[in-house]
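Each chain is listed here by its residues.
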Amino acid sequence: MRRNRILIIDDEQSLLESLEMFLTEAGYKVECAASAREGLEKSRAFKPDVVILDIRLPDSNGFDVLQELRGVSEACPVIMITAFHDMDTTIRTVKMGAFEYIPKPIDVDELERAITKALKLSRASPLRESLSLDASLPYTEGQMVGKSLAMKDVFKAVGRLSENQVTVLVEGETGTGKELVAKAIHHHSPHKDQPFVAINCSTIVGTLLESELFGHERGSFTGASYTKKGKFELAEHGTIFLDEVGEIPQDLQSKLLRFLQEKEFERIGGEKKLKSNARVIAATNRDLWGMVQAGQFREDLYYRLSVATVKLPPLRERKEDIPLLIDFVVRKINHDLKMALKRVERRAVDRLTAYDWPGNVRELENVLTRAAIETQGDVITEEMVAPLLGKKTLAATHQKRDATETSLEEFEREYILGVLERTQWHLGKACELLGISRPTLRQRLKSYHITREADTSGR
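About the criteria used
- Residues numbered from 1 in each chain as written.
- Predicted model: local features only at pLDDT ≥ 70, side-chain atom pairs only at ≥ 80, totals over all residues.
- Heavy atoms only, no water.
- Pairing = 2+ DSSP bridges.
- Helix = DSSP H or I, 4+ residues; strand = E, 2+ residues; numbered from the N terminus.
- Axes fitted to C-alpha atoms, helices over the stretch in contact; angles between N-to-C directions.
- Contact = heavy atoms within 4.5 Å.
- Buried < 20%, exposed > 50% of the residue type's maximum accessible area, 1.4 Å probe, protein only.
- Parallel < 35°, antiparallel > 145°, perpendicular 65-115°, else oblique.
- Left-handed = near helix turned anticlockwise from the far one by under 90°.

Novice: Can you help me understand the sheet that holds strand β15 (residues 308-311) in this one?
Specialist: If you walk across this open sheet you meet the five strands as β8-β11-β14-β7-β15, and the pairing is parallel. Lying at the two open borders of the sheet, with one neighbouring strand each, are β8 (196-200) and β15. Along the sheet, successive strands turn relative to each other by an average axial angle of 20°, direction set aside. Summarising the sheet, strand β11 (residues 239-243) and strand β14 (residues 279-284) pair through four bridges and their orientation is parallel. Residue pairing for β14: I240 is matched across the bridge by V280.

Given below as structure tokens:
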């Protein structure tokens, strides 16, 4: 069996001898070089799997050697070592593509861990059991991905609804891609060249939300120093997307109902009736019918909004789509972050597939992005994603109580609690995973009587 090869380039003879002895006893085949020139020559002949490189050499700068090594073998990880360590040097080594940076005096356990990790990502461990990205497929923004029956039904619904102008209600948990559905319907409609205007109804309160939707006249309220057009006016013949429509205050629900019935509205403080042919697509992660029964949402508005409905499945119910989503998200990461990821280890794919994804596709994208930022190679491994996954999954929640006996409110309460525990009650991070604003989260905490007496951080 071929032994993994390590090349050490350092001008400190005692260090070369001690590292050669340690690594040879550990089972590696080792070559040493005391200068940059000798190191580059041996690199071509020896073909190492990992290079350990000192930054300061007698005949060259270690950074220049690193660049030349990249030309010899881009896939070979380089571990930089130096006695002169500082922040600028560390940043420079990372930016130039060094796999790891270890200061002197060298901790051999730390070095061995770095070598083991580097070998896993080098050609010495080709990870044949991995998900390889199809480089011929470019990343397309806004693309919906899935081969499950549930997603095929969603695609069919998008096709049908794009041919008409009926009002659509998109239902689904946070992070399932409700806005993507709305954009897909708009993009495939005859009015795709008209504006697509989105507004999150949970992030704006009271008069300000009414102004955002319908506009206002100058002087109509304190701070209204100019006439403003609302979203319905700006959308013209296009689409207005009302995200989290269940958060609209009841006094504003009647005005939205009137628009849906008459296709007309008035700006705040105005008397002139204005017309708009904008199509309305609304989305919610709440049980609107349950809100109707609880007196929190108008029944007539509910019927107007749900002329057609699209139900998005949670990711845990379409796990066969996860490998496709991983491929798509990693291509998105390569595009957005200018990276060159090529593979995802099969064990990482299996770990991601086994997870229940309470935050759905949004959480999957978050985990893969964080793993990608941490990787020094072109592959995402199981070790990179495992620490990013929550310890509690919805499967554990389901085992506690039969889903048929759990109301949506109880389910949402447990879901929010789970996210808060995973983020250690960091409200900002919780809002990011839940896909809601801080005011909405605080309202949910109050509504569900969720408190953490020990939490005094104020985050």
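Now, onward.
Novice: How should I be thinking about the sheet that holds strand β5 (residues 100-103) in this particular structure?
Specialist: Sheet strands pair by backbone hydrogen bonding; their relative direction is either parallel or antiparallel. Across the sheet, five strands lie side by side as β2-β1-β3-β4-β5; this open sheet has parallel pairing. Edge positions in the sheet fall to β2 (29-33) and β5, since each of these pairs with one other strand and no more. Adjacent strand axes in the sheet meet at a mean angle of 20°, parallel and antiparallel pairs treated alike. Running at roughly 170° to β2, helix α1 (residues 13-25) makes contact with β1 (5-9), β2, β3 (50-54) and β4 (78-82) of the sheet. Running at roughly 150° to β2, helix α2 (residues 36-46) makes contact with β1 and β2 of the sheet.

Novice: What exactly am I supposed to notice about unusual backbone geometry here?
Specialist: Trans is the common state for peptide bonds, and a negative phi is the common state for residues other than glycine. In this structure, the amide linkage connecting K104 to the following residue, P105, adopts the cis form with an omega of -5°. Look at K338: it is not a glycine, yet its phi comes out positive at around 55°. Locating K338 in the fold gives a position in the loop between α13 (322-337) and β16 (343-345). We classify K338 as exposed; its relative accessible area is 70%. The backbone of W357 shows a phi angle near 55°, a positive value even though the residue is not glycine. Residue position: W357 is located in the loop between α14 (346-354) and α15 (360-374). According to the relative accessible area criterion, W357 is buried, its value standing at 0%.

Novice: Please explain the packing of α13 against α15 as it appears in this structure.
Specialist: Helix-helix packing: each pair is described by the crossing angle between the helix axes and the interaxial distance. In the contact formed by α13 and α15, the axes pass within 10 Å of each other and the chain directions differ by 55°. Taken together, the axis directions place α13 and α15 in an arrangement best described as oblique. Crossing handedness for the pair α13 and α15: right-handed. Each of L325, I326, V329, V330, K332, I333 and L337 in α13 lies in contact with α15, whose residues at this interface are V361, L364, E365, L368, T369, A372 and I373.

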